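Each chain, letter by letter, is given below.
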Amino acid sequence: MNARIYKPSKTAMQAGRANTRDWVLDYAPADRRTHDPLMGWIGSSDTKRQVRLRFPSREAAEAFAARNGIVAAVEAPRERRLKLKSYADNFRYQAPSV
């Protein structure tokens, strides 16, 4: 079994940082999705694709994977770069470049 351990990023639809503090373990797909000719749905017999486990720390997620024999690839979170601006910057004069 393969899995991915990562720290989710903030979605564009939220202003706060909710659901970004925990580490997540997602299982890799075991088989490909197939098309159901009768209903037209796309499906799979892989039920682990629906499982998403949350852990308070990276070490807890790695310990869970090691305990259960899961080969896990850990993705380090990207650092958030802040662009510090002030409201007065909206009205600052910039000489036109020639």
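Residues numbered from 1 in each chain as written. Predicted model: local features only at pLDDT ≥ 70, side-chain atom pairs only at ≥ 80, totals over all residues. Heavy atoms only, no water.

Engineer: Give me the lowdown on the environment of Leu53, citing residues and values where you can.
Structural biologist: As for its placement among the helices and strands, Leu53 is situated in strand 5 (residues 52-55). Along the primary structure Leu53 and Ile5 are separated by 48 residues, whereas in three dimensions their C-alpha atoms are 9.5 Å apart. Sequence-distant contacts of Leu53, that is, excluding residues within four places in its chain, are made with Trp23, Val24, Leu25, Tyr27 and Phe64. (Helix = DSSP H or I, 4+ residues; strand = E, 2+ residues; numbered from the N terminus. Contact = heavy atoms within 4.5 Å.)

Engineer: I'd like a description of the pairing of strand 1 (residues 2-6), backed by residues and values.
Structural biologist: Bridge count for strand 1 against strand 6 (residues 71-74) is four bridges, and the pairing is parallel. The partner of Asn2 across the bridge, within strand 6, is Val71. Taken together, the four bridges between strand 1 and strand 2 (residues 23-27) define a ladder with antiparallel strand orientation. Note that in strand 2 the partner of Ala3 across the bridge is Tyr27. (Pairing = 2+ DSSP bridges.)

Engineer: Let's hear about the pattern of salt bridges: which residues, and what values?
Structural biologist: Tallied over the entire structure, the rule returns four salt bridges. The partner of Glu75 in a salt bridge is Arg4, with the nearest N and O atoms 3.4 Å apart. Placement of Glu75 in the segment after strand 6 and of Arg4 in strand 1 is noted, with a sequence separation of 71 residues between them. Glu75 gets classed as partly exposed once you look at its relative accessible area, which sits at 37%. Between Asp89 and Arg92 there is a salt bridge, with its nearest N and O atoms 3.3 Å apart. (Salt bridge = Lys/Arg side-chain N within 4 Å of Asp/Glu carboxyl O. Buried < 20%, exposed > 50% of the residue type's maximum accessible area, 1.4 Å probe, protein only.)

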